Amino acid sequence: MKKVYLETFGCQMNVSDSERIATTLEADGYQITSDEDSAEVILFNTCSVREKAEHKLYTRIGQVRKTKQNQSALIGVLGCVAQLEGETLFQKSEGIDFVLGTKAVGRISSAIENTSGRHQTYIDLGEREANYEWSVSEKQRHSPYVAFVPIIEGCNKFCTYCIVPFSRGRERSLPASNIIRQVLDLRRQGVKEIHLIGQNVNSYRPKTDTGLENFVGATPFSRLLRAVAATGIERIKFTTSFPRDFHPDIVDAIDENENLCNWVHLPVQSGSDRILKAMRRGHTIENYLRRIDKIRASRRDISLTTDIIVGFPGETIEDFQDTVKLAEYCQFDMYYMFKYSPRPGTPAFELPDDVSPKTKTERFLELEQVLKRSQFNSLQKELNKTVKVLAEGFSSRTNDILSGHLASHKIVNFEAGKELLGQIVNVKITECKSNTLFGKIV
Ligand code: SF4
């Protein structure tokens, strides 16, 4: 039985793809190992969102090739970098045996067979198989209690700074009946929380209505949310939502169904219409704020999180101040913030990167203050409340402390024994630090 070591870079979608790659390998008689030195096949499932992630891949391949034990191991590069670079990867980094694109990962076993003992490279950037199996074996899930369920792959939006539409191709929604079957299976296996995932989940548009016929909703996505809620699984989260396609009915679906979690991740990227247009985001601040007002008016106290880029080409001090104002208005509960860095292969790469590194850093720090404050205020609101936490694992520091999420996706650490793992428990919040809550079991 050949041993395979699989390392994953990047987002939830990549983690989810890796779970399926491991599931396929396991079914074909391979053994997944966490020890790269004993592996006969070493796989890197790669991320291309930032150039840095791509460079990390080349460093890792170099490291692996230097260790004596790995001299004869096969090395395969999979996923986004593989799709974008194709044949050129063999020149860019020595020692790669095969390259599999984002949609070819289901053919991982053939790639290994085609390169084993043949001293020749192999490449497959082809389309996904019609009968591609989307479900993941229990053993290969990243958590026994939380599962990712892809509902849409690819992206049609072509934001000017983003490489994803080139690495993951056009949007394709999975049939609702397939998604619902997976959720029912996961529920039977004891999974408590599922994350419906995709680059833009709310752009969900399946070819047929099969599986959604009995559900009402203004868009196929809000019908899907109601259909998944009807499976009775305890918690449903979804990410990422695209502002232009965010229909107010999604909030109504959350209001109606307690198991649809009170968390919406809605990346705004900038508070300036001028910059949004240059980013080709397809939404304006006015229509973004209309959505925020609807979310904030929910009876469920929906946690609102976002992504923001500072220092996009052409961003003036006024544009930046508009972003600060927007952040003050929205009072985001959590955020991811990035300094713009040009990504080769994207339209924005052709624009002059004219905000200096110093200014980018200053703007980053100024905006961070505002976002940190609203995040802290949001966490403080939980103080002295008794909240429901899914005990997902041990805290990174010690095995006496468990860690998990609220339905609103806030993280809570609390003292408890491992027998509570996998349960949704009542915890009284006693302390709040910059991005984590601490509490005691009640
Ligand atoms: S919506 Fe924009 S930022 Fe998101 S994946 Fe698509 S192109 Fe990239």
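Residue numbering note: each chain is counted from 1, following its sequence as written. The predicted nature of this model means local features are confined to residues of pLDDT at least 70 and side-chain atom pairs, given and counted, to a pLDDT of 80 or more, with totals for whole chains, interfaces and linings taken over all residues. Processing note: side-chain calculations cover all non-hydrogen atoms of the structure and skip hydrogens and water entirely.

Caption draft 1: Spatial organisation of unusual backbone geometry. Cis geometry marks the peptide bond from Thr-239 to Thr-240, where omega comes out at 5 degrees. Counting through the fold element by element, Thr-240 comes out in the loop between strand E11 (235–239) and helix H9 (249–256). Despite not being glycine, Arg-280 shows a phi value in the positive range, around 55 degrees. Take Arg-280: it is sitting in the loop between helix H10 (273–278) and helix H11 (285–296). Backbone geometry at Asp-301 places phi at a positive 50 degrees, although glycine is not the residue there. Here a helix means four or more residues in a row that DSSP labels H or I, a strand means two or more in a row labelled E, and each is numbered from the N terminus. Its place among the elements puts Asp-301 in the loop between H11 and strand E13 (303–310).

Caption draft 2: Molecular detail of the nonpolar core. Leu-43, Ile-179, Ile-194 and Leu-196 are the most contacted members of the largest nonpolar core, which has 82 residues in total. What fixes the domain bounds is an automatic or database domain assignment. Composition of this core by domain shows at least three residues from each of domain 1 (3–124) and domain 2 (138–380). By size, the runner-up hydrophobic cluster in this structure holds 20 residues, among which are Phe-44, Ala-53, Ile-75 and Val-77. In this description, a nonpolar core means a group of buried Ala, Val, Leu, Ile, Met, Phe, Trp, Tyr and Cys residues linked to one another through side-chain atoms lying within 4.5 Å. We call a residue buried when its accessible area falls under 20% of the maximum for its residue type, exposed when it is over 50%, and partly exposed in between, using a 1.4 Å probe and counting protein chains only.

Caption draft 3: Layout of the site of the ligand. The full set of residues close to the ligand is Cys-155, Lys-157, Phe-158, Cys-159, Tyr-161, Cys-162, Val-164, Pro-165, Gln-199, Asn-200, Phe-242 and Arg-281. The residue inventory of the shell around the ligand, partitioned by class, reads 8 nonpolar, 2 polar and 2 charged. What makes a residue near a molecule or strand is one non-hydrogen atom of that residue sitting within 4 Å of it. In this classification, the charged set is Asp, Glu, Lys and Arg, the nonpolar set is Ala, Val, Leu, Ile, Met, Phe, Trp, Tyr, Cys and Pro, and all remaining amino acids, among them Gly, are polar.

Caption draft 4: Expanded view of the packing of aromatic side chains. Pairing of aromatic side chains here covers Phe, Tyr and the six-membered ring of Trp, requires ring centres within 6.5 Å, and sorts the geometry by plane angle: under 30 degrees stacked, over 60 edge-to-face, intermediate tilted. Considering all chains together, one arrives at 6 aromatic pairs under this definition. Pairing Phe-9 with Phe-44 gives two aromatic rings, centres 6.3 Å apart and planes at 40 degrees, and the pair type is tilted. A residue pair is termed long-range when its members are at least 10 positions apart, and Phe-9 in the loop between strand E1 (3–8) and helix H1 (12–27) and Phe-44 in strand E3 (residues 41–46) qualify at 35 residues. Each member of the pair, Phe-9 together with Phe-44, is buried. Through a chain of ring-to-ring contacts, three or more aromatic side chains come together here, namely Tyr-161, Phe-312 and Tyr-340. Whether a charge lies above a ring is judged from NZ of Lys or CZ of Arg, which has to be within 6 Å of the ring centre and within 35 degrees of the ring normal. Just above the ring of Phe-364 sits the side chain of Lys-339; from NZ or CZ to the centre is 5.8 Å.

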